[in-house]
Amino acid sequence: MQKYDVGTIRQTLDRLHSEGISVTESSLRTWVRTGVIPAAYCGQKAYLYYPNVMKVLMEGTPLPELPPEVTDGIRRIM
């Protein structure tokens, strides 16, 4: 079976499992939905670039950006 660098989520998951990398389908879909792993869409089908998936697995997911605190000092509560 020939392995391509671009595939659907299911194809990417099968390739990960064949290479001995244990990832659940739900976590892969969550990473695509939240934008951690970039994807190209054709209709509702997402296509992933395999090196991007491996980069996330090797380097980890980035920390979410926290909004700056909106305090101007101590506020009086009445």
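Here the structure is a predicted model, which is why all the values come from computation and not from measurement.

Colleague: Explain the nonpolar core to me, please; I cannot follow it from the model alone.
Modeller: In summary, soluble globular proteins display a tendency toward joint burial of nonpolar side chains. Judged by nonpolar contacts, the single largest core of 13 residues is most densely connected at Ile9, Leu16, Leu28, Val32, Ile37, Leu48 and Val53. Breaking this core down by element, the ones donating at least two residues are α1 (9-18), α2 (25-34), β3 (45-49) and α3 (50-59). Not counting the four nearest positions on each side in its chain, Val32 is found in contact with Ile9, Ile37, Ala39, Tyr41, Ala46 and Leu48.

Colleague: Quick question: what am I supposed to make of the pairing of strand β2 (residues 39-42) here?
Modeller: Within a regular strand, the side chains alternate between the two sheet faces. In this sheet, β3 lies alongside β2 in antiparallel orientation, the contact comprising four bridges. Paired with Cys42 across the two strands is Lys45, which belongs to β3. The loop that links β2 with its antiparallel partner β3 comprises two residues; one of these, Gly43, has a positive phi angle of about 70°.

Colleague: What is the right way to read the side chain of Thr8 from this model?
Modeller: Looking at the secondary structure, you find Thr8 in strand β1 (residues 6-8). The exposure class assigned to Thr8 is buried, which follows from its relative accessible area of 11%. Once residues within four sequence positions are removed from consideration, Thr8 is found in contact with Lys45, Ala46 and Tyr47.

Colleague: What's the story with the packing of α1 against α2 in this structure? I'm lost.
Modeller: Two measures define how a pair of helices packs: the angle their axes make with one another and the distance between the axes. At a closest axis distance of 10 Å, the pairing of α1 and α2 adopts a crossing angle of 130°. By the criterion of interaxial angle, the relationship of α1 to α2 is oblique. For the pair α1 and α2, the sense of crossing is right-handed. Contact residues: α1 offers Ile9, Arg10, Thr12 and Leu13, while α2 offers Glu25, Leu28, Arg29 and Val32. Among the residues forming the contact of α1 with α2, the class breakdown is four nonpolar, one polar and three charged.

Reading the values: the criteria
For every chain, the first residue of the written sequence is number 1, and numbering continues from 1 along that sequence. pLDDT decides what is reported in this predicted model: residues at 70 or higher carry local features, side-chain atom pairs at 80 or more are listed and counted, and totals for whole chains, interfaces and linings draw on all residues regardless. The side-chain values count all of the structure's non-hydrogen atoms but skip hydrogen atoms and water molecules. Nonpolar cores are built from buried Ala, Val, Leu, Ile, Met, Phe, Trp, Tyr and Cys residues. Side-chain atoms within 4.5 Å join them into one set. Relative accessible area decides the class of each residue, using a 1.4 Å probe on protein chains only: under 20% of the type maximum gives buried, over 50% gives exposed, and in between gives partly exposed. By definition, any uninterrupted DSSP run of H or I lasting at least four residues is a helix, any uninterrupted run of E lasting at least two residues is a strand, and each is numbered from the N terminus. Only heavy atoms enter the contact rule, under which two residues are in contact if any of them lie within 4.5 Å. Two strands qualify as a pair provided DSSP detects at least 2 bridges between them. Fitting a line to C-alpha atoms yields each axis, with helices limited to the stretch in contact; the angle taken between N-to-C directions then spans 0 to 180 degrees. Put simply, angles under 35 degrees are roughly parallel, angles over 145 are roughly antiparallel, angles from 65 to 115 are roughly perpendicular, and the rest are oblique. With the far helix as reference, a near helix turned anticlockwise by less than a right angle produces a left-handed crossing, and one turned clockwise produces a right-handed crossing. Residue classes follow a fixed rule: Ala, Val, Leu, Ile, Met, Phe, Trp, Tyr, Cys and Pro count as nonpolar, while Asp, Glu, Lys and Arg count as charged, and any other residue, Gly among them, counts as polar.

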